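Listed below are the residues making up each chain.
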Amino acid sequence: MEMAKTQPCGTLDEFRVGSVPTIFYIPDFITESEHDLLLNTIYDAPISKWKSLKNRRLQNWGGVVHEKGLIAQDCTYTLNPFLLSLY
């Protein structure tokens, strides 16, 4: 899978969204095919991967939230390239 090419930048300030200092929007961070792959990975996950909460449901990838902290788990090979591109 080929990851989107991102240009290095000196600061994330130009991508900041609103007044919350830790929310960023980076246009074209992933390609259309990567977008489709991510959605397919999410929607094709087995029922056991979904956790139902009061008003939503979620999936945990890379760890399970526990009262004593995060219990690390390996991510799928599909998600690893995306995680590596964040560093």
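Residues numbered from 1 in each chain as written. Predicted model: local features only at pLDDT ≥ 70, side-chain atom pairs only at ≥ 80, totals over all residues. Heavy atoms only, no water.

Asks: Can you break down a nonpolar patch on the surface residue by residue, with the values?
Replies: A cluster of nonpolar side chains, Val17, Val20, Ile23 and Tyr25, forms an exposed patch at the surface whose accessible area comes to about 360 Å². Structurally, Val20 is set in the segment before α1 (32–43). (Patch = residues over 30% accessible without salt bridge, like charges linked within 9 Å, V, L, I, M, F, W, Y side chains within 5 Å. Areas by Shrake-Rupley, 256 points an atom, 1.4 Å probe, with all protein chains shown as cover. Salt bridge = Lys/Arg side-chain N within 4 Å of Asp/Glu carboxyl O. Helix = DSSP H or I, 4+ residues; strand = E, 2+ residues; numbered from the N terminus.)

Asks: Account for the packing of aromatic side chains, with residues named and values stated.
Replies: Throughout the structure, instances matching the rule amount to 0 aromatic pairs. The lysine or arginine in question, Arg57, covers the ring of Trp50, its NZ or CZ lying 3.8 Å from the ring centre. (Phe/Tyr/Trp six-rings, centres within 6.5 Å; stacked < 30°, edge-to-face > 60°. Lys NZ or Arg CZ within 6 Å of the ring centre and 35° of its normal.)

Asks: Could you give an account of the pairing of strand β4 (residues 69–72), naming the residues involved and the relevant values?
Replies: In this structure, strand β3 (residues 63–66) lies alongside β4, joined through 4 bridges in antiparallel fashion. Residue pairing in the sheet places Val65 in a bridge with Leu70 of β4. (Pairing = 2+ DSSP bridges.)

Asks: With reference to specific residues and values, describe the pattern of salt bridges.
Replies: Applying the stated criterion to the full structure yields 1 salt bridge. We note a salt bridge from Arg16 to Asp13, for which the minimum N-O separation is 2.5 Å.

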